[in-house]
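# Examining the three-dimensional arrangement
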Amino acid sequence: MPPATTDRDRALALVLLLAALLLGYFVLVHPWWTVPMQEVNTRVGELRDRELRIRTQLAQAPQVQRELAAALAQQAQRPGFLPEATVELATAGLVQRLEAIVKQASPGNRSCAIANQSPLALPGREVYPRVVVQVRLRCGAPELASVLHQIESGSPRLFVENLNILAQRYAFQASESGAGGLDVNFDLYGYLKPAPAAPREAPDAP
């Protein structure tokens, strides 16, 4: 007569069955089905995110084109580079612009005058060649403010560097002997357009 099956035996058999099912899942189902499906889902999510970014960029393209066109139009109205082709011509152009600005700030050089101006040679070859003129002015404070404002807000773009201001008493004209003013030194500079790259010669045929 076979022994009676007890509750303990049934529980043990159930545990063994569950263990066998779990082992079969991790050996047969998980590596061959679950893992590939997870990888596919991850890839699908990445592609959806990429598609969303592309759609967003395409939707913004007309606005970006309008902003770019506006920026190019503004840049064309206010060129950043000096118009001259060489350093020598650009230096002469800088001096002429400075003289015009000082004359506008102080007609007849009554309250502002150029005491000295000399080109500064820069060593080396830069991608954007810089043209520098060392300037010394004798100006009243309002005239100096006007000169600096016109330099840095005009066209083409000019820049002021190494600004040094000293208060001293001097005379612009004999009738104004003893008038107070400022002794101003600075470097005035701008940039030339980069030279176009020379075309490369095709190598000789062997």
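Reference entry: report on the structure contained in this document. (Residues numbered from 1 in each chain as written. Predicted model: local features only at pLDDT ≥ 70, side-chain atom pairs only at ≥ 80, totals over all residues. Heavy atoms only, no water.)

### Considerations on the packing of aromatic side chains
- Applying the stated criterion across every chain yields a total of three aromatic pairs.
- Summarising the aromatic geometry, the rings of phenylalanine 159 and tyrosine 189 are spaced 5.4 Å apart at their centres and angled 25 degrees between planes, so their arrangement reads as stacked. Remark: tyrosine 189 occurs in strand 4 (residues 180–191) and phenylalanine 159 occurs in strand 3 (residues 159–169); sequence separation between them is 30 residues.
- Centre to centre, the rings of phenylalanine 159 and tyrosine 191 are 6.0 Å apart; their planes meet at 70 degrees, and the pair counts as edge-to-face. One end of the pair, phenylalanine 159, is in strand 3; the other, tyrosine 191, is in strand 4, and 32 residues separate them in sequence.
- For tyrosine 191, a relative accessible area of 27% gives the class partly exposed.
- Residue placement shows arginine 130 over the ring face of tyrosine 189; its charged tip is 4.7 Å from the ring centre. (Phe/Tyr/Trp six-rings, centres within 6.5 Å; stacked < 30°, edge-to-face > 60°. Helix = DSSP H or I, 4+ residues; strand = E, 2+ residues; numbered from the N terminus. Buried < 20%, exposed > 50% of the residue type's maximum accessible area, 1.4 Å probe, protein only. Lys NZ or Arg CZ within 6 Å of the ring centre and 35° of its normal.)

### As for helix 2 (residues 87–105)
- For helix 2, built from 19 residues, the straight-helix expectation of 27 Å at 1.5 Å per residue is met to within 8% by its first-to-last C-alpha distance of 27 Å.
- Listed as buried for helix 2 are Ala90, Thr91, Gly93, Leu94, Val95, Leu98, Ile101, Val102 and Ala105. (Expected span 1.5 Å × (residues − 1).)

### Points about a nonpolar patch on the surface
- A cluster of nonpolar residues, Leu14, Leu17, Leu18 and Leu21, forms a patch on the protein surface that exposes about 390 Å² of accessible area.
- Tracing the chain through its elements places leucine 21 in helix 1 (residues 7–77).
- Judged by relative accessible area, which is 54%, leucine 21 ranks as exposed. (Patch = residues over 30% accessible without salt bridge, like charges linked within 9 Å, V, L, I, M, F, W, Y side chains within 5 Å. Areas by Shrake-Rupley, 256 points an atom, 1.4 Å probe, with all protein chains shown as cover. Salt bridge = Lys/Arg side-chain N within 4 Å of Asp/Glu carboxyl O.)

Keep in mind these values describe shape, not function.
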